[in-house]
Amino acid sequence: MKRLFDWIIERFIFLCGILAVIFVALIFLFLLREGVSFFGSYSPIKFVGGIYWYPTSDPPQFGIISLIVGSLFVTVLAACLAIPLGVATALFIAEIAPRWLKDVLKTVIELLAAIPSVVIGFIGMVTLVPLVRQALNLPTGLSAFSGALMLGFMALPTIVTISEDAIRTVPWSYKEGAIALGATRWQTMYRIILPAALPGILGAVMLGVGRVIGETMAVMMITGNAAHIPGSVFDPVRTMTATIAAEMGETVRGSPHYEALFAIGLVLFVITFIVNFTADTFLRKARR
Amino acid sequence: MKKITAAGLNLHYGTFHALIDVSLGIEPNKITAMIGPSGCGKSTLLRVFNRMNDAIEGVRVAGNVELDGENILAYRDDEAIDILRRKVGMVFQRPNPFPLSVFENVAFGMRIHKLARGRELEDRVAESLKAVLLWDALKDKLKRSALSLTLEQRQRLCIARLIAVTPDVILLDEPCSSLDPVATLKIEELMLELKKRYTIIIVTHNMAQAARVSDETGFMLLGRLVEFGETSRIFTAPQAKETEEYITGRYG
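About the cut-offs
Residues numbered from 1 in each chain as written. Chains lettered and ligands numbered in written order. Predicted model: local features only at pLDDT ≥ 70, side-chain atom pairs only at ≥ 80, totals over all residues. Heavy atoms only, no water. Helix = DSSP H or I, 4+ residues; strand = E, 2+ residues; numbered from the N terminus. Buried < 20%, exposed > 50% of the residue type's maximum accessible area, 1.4 Å probe, protein only. Contact = heavy atoms within 4.5 Å. Areas by Shrake-Rupley, 256 points an atom, 1.4 Å probe, with all protein chains shown as cover. Lys, Arg positive; Asp, Glu negative; His and termini not counted. Charge placed at Lys NZ, Arg CZ, Asp CG, Glu CD. Expected span 1.5 Å × (residues − 1). pLDDT = per-residue confidence, 0-100. Buried area = accessible area lost by both parts, 1.4 Å probe. Salt bridge = Lys/Arg side-chain N within 4 Å of Asp/Glu carboxyl O. Domains from an automatic or database assignment. Polar contact = N/O pair within 3.5 Å; in protein donor to acceptor, adjacent residues only side chain to side chain. Phe/Tyr/Trp six-rings, centres within 6.5 Å; stacked < 30°, edge-to-face > 60°. Lys NZ or Arg CZ within 6 Å of the ring centre and 35° of its normal. Pairing = 2+ DSSP bridges. Axes fitted to C-alpha atoms, helices over the stretch in contact; angles between N-to-C directions. Bend = angle between axes of the 7 residues up to and from the residue.

(A) Looking closely at the overall build of chain A. In terms of helices and strands, chain A carries 11 helices and 2 strands. Secondary structure of chain A in N-to-C order comes out as α-α-β-β-α-α-α-α-α-α-α-α-α. Viewed in the frame of its principal axes, chain A has a C-alpha envelope of about 75 × 75 × 30 Å. Counting the 288 residues in chain A, one finds 41% classified as buried. Here the analysis covers contacts within chain A between residues at least 6 apart in sequence; of these, 71% occur between residues at least 24 apart. Accessible area for chain A stands at about 15,100 Å²; split by element, carbon and sulfur atoms hold 72% of it. Between the mean site of the 20 positive side-chain charges and the mean site of the 16 negative ones, chain A shows a separation of 8 Å.

Here is the structure:
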């Protein structure tokens, strides 16, 4: 009787686990179905290679290059800001900060992660954007730059927490060996600890980047939503995510525009999948 | 003149009195063994000599410990302590090579203390590996990760790492505990070879090893140095009753 019970529980747990895989697969298939029919009537090359996103013109143009570039600009810039700051913070927390400061910082950073992105977007729109406009004398503060600042801020908790984890799990014996040879704290950190923690840190960075790529609300409020290829980081841009969110409500179901948005969703899905998969590979290497 | 002397050394971990009035003198170019049951303080004593106890919270050290006549307990400045650790190297119980290549492991000390570069650095790495008898085995594999070596090779590598910075004293904290008997013997042979150039202090719970390898032996019990003297005398005619009981295996 106990055997039967065990068997049922095992099957149930297996089912729950499989369900997660099934959901992801279903989402992918759904996107595929809605998006692929789009490629029936619109060449995928024109889609991925086209510069102009004019869905409401006649005939409509669905080139997503400007959107991809928009997403890229914002993401890369955000990464450039968040990575050095995040890794340095993680190093500080793990290696230098005294116990009381460690706890304070970790709590604060976790709180940061809890702020809803729409709130961050709102605050950014109301405070950061005018500030950027005035300080840098730009026609508008709504730009890739402002977006990157806020997004970097949002990616920070992820990068810090996971990097700090990776740094903390570097075996004490390595540090001990370095100190016993007369290495200073900084020498131990950059010659031994950082290289040893690198896979974990890379995983943290990729996860942070993954979060940024998929970010929608904050980006919509701050980046200016101009679907063109930006000339500089201070130009307004439009990301793929913002496009879907902004235009989905206005399309006719089943229209080419509707399907085009799904196609964008498909592209996003694939990109995010690759990023997360890479992150996972690094993290698994780190855990070894 | 003694290489290291300790006088009235007392160490507390918080309220625990770990070293009680320890006084001794270590002869240069000899192997001194510290023996005693677990928890007697021999590892703690070893770590006083390169100030590794500093990293432990709540540690208080009092007394006088001199290396070549200078009181190392008085060093307050980080730089002086880093230099001390160069002169007094430590090998640990579990071999702990860095997750770097064999070459970089040995080069590490020289790089951080800026002792050599380029060609000279390479030469010194080769010399250090030769001194620990790893050169022939690894000369074509210098770029290999140190983590791919056997335990015995790793321990030799850790010793090579120390030798590369030309220390005066080598501290070994139960260096053969993780090794099999054959490897242990080889490391002991290495130690006998090394004592010609360095002063060696080894902590071991293996009495036979102490008898085989050391010139002088100190027996510790519950934080005190009970007896200290020539190894052959300690093992054949110990003066203190506790020493005799330990050596004959009454407790351990």
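What follows picks up the thread again.
(B) Fine view of helix 4 (residues 118-131) of chain B. All names here are of chain B. Along its 14 residues, helix 4 runs 20 Å from first to last C-alpha, staying within 8% of the 20 Å computed at 1.5 Å per residue. Within the sequence span of helix 4, burial applies to Leu 121, Arg 124, Val 125, Ala 126, Ser 128 and Leu 129. Just downstream of helix 4 lies Leu 133, where phi reads positive at about 60°.

(C) Geometry of the confidence of the model for chain B. Residue-level pLDDT values for chain B average 92, and 100% of them are 70 or greater. Model confidence for the complex: the whole-complex pTM is 0.81, and ipTM, which rates the interface, is 0.88.

(D) Quick look at the interface of chain A and chain B. The interface of chain A with chain B comprises 15 residues on the first partner and 22 residues on the second. Summing both sides of the interface, chain A and chain B together bury roughly 1,600 Å²; the carbon and sulfur share of this comes to 67%. The tally of links between chain A and chain B comes to 1 salt bridge. With a shortest N-O distance of 2.8 Å, Glu176(A) and Arg47(B) are connected by a salt bridge.

(E) Just the domain arrangement of chain A, in detail. Residues and elements named next belong to chain A. With domains assigned, chain A is organised as domain 1 (2-41) and domain 2 (53-287). Each of domain 1 and domain 2 has a C-alpha centre, and the two are 29 Å apart. Across the boundary between the two partners, domain 1 contributes 11 residues, which contact 10 residues of domain 2. Regarding the contact of domain 1 and domain 2, the summed buried area is about 990 Å², with carbon and sulfur atoms giving 82% of it. When the buried surface of domain 1 facing domain 2 is broken down by residue, Leu 31, Glu 34 and Phe 38 rank first, second and third, together holding 54% of it. The interface formed by domain 1 and domain 2 contains 0 salt bridges. The interface formed by domain 1 and domain 2 includes 1 residue pair in polar contact (both at pLDDT 80 or more).

(F) Quick peek at the environment of Ile83(B). Examined against the element boundaries, Ile83(B) turns out to sit in helix 2 (residues 78-87). Along the backbone, Ile83(B) and Ser23(B) are 60 residues apart, and their C-alpha atoms lie at a distance of 24 Å.

(G) Representation of the packing of aromatic side chains in the model. Taken as a whole, this structure holds 17 aromatic pairs over all chains when the rule is applied. What links up through ring pairs into an aromatic cluster is the set Phe38(A), Phe39(A), Tyr42(A), Phe47(A), Trp53(A) and Phe62(A). Its guanidinium or amino end placed over the ring of Tyr42(A), Lys46(A) lies 5.1 Å from that ring's centre, counting from NZ or CZ. When the ring centre of Phe98(B) is taken as origin, the NZ or CZ atom of Arg161(B), which lies over that ring, is 4.1 Å away.

(H) Just the pairing of strand 6 (residues 88-91) of chain B, in detail. Residue and element names in this part refer to chain B. What you see with strand 6 is no split at all: Val 88 and Met 90 on one side and Gly 89 and Val 91 on the other are buried throughout. Here 4 bridges tie strand 6 to strand 7 (residues 169-173), and the two strands are oriented parallel to one another. By the bridge assignment, Val 91 is partnered in strand 7 with Leu 172.

(I) Spatial organisation of the sheet that holds strand 9 (residues 216-221) of chain B. Residue and element names in this part refer to chain B. Spatial ordering of the open sheet is given by 6-7-8-3-9-10, a layout of 6 strands whose pairing is mixed. With partners counted over all chains shown, the strands left at the sheet margins are strand 6 and strand 10 (224-230), one partner each. Geometrically, the sheet is characterised by an average inter-axis angle of 15° between neighbouring strands, direction not taken into account. Against the sheet, helix 1 (residues 42-49) contacts strand 3 (31-35), strand 6, strand 7, strand 8 (199-203) and strand 9, and its axis sits at roughly 155° relative to strand 7. Taken strand by strand, helix 2 contacts strand 6 and strand 7, and its axis lies near 65° from that of strand 6.

(J) Main features of helix 8 (residues 185-214) of chain A. Relative to the 44 Å expected for 30 residues at 1.5 Å per residue, helix 8 of chain A spans just 38 Å between its end C-alpha atoms, considerably shorter than the ideal helical length. At Leu198(A), helix 8 of chain A is deflected by roughly 60°, the largest bend along its length, and proline Pro199(A) occurs up to four residues later in sequence.

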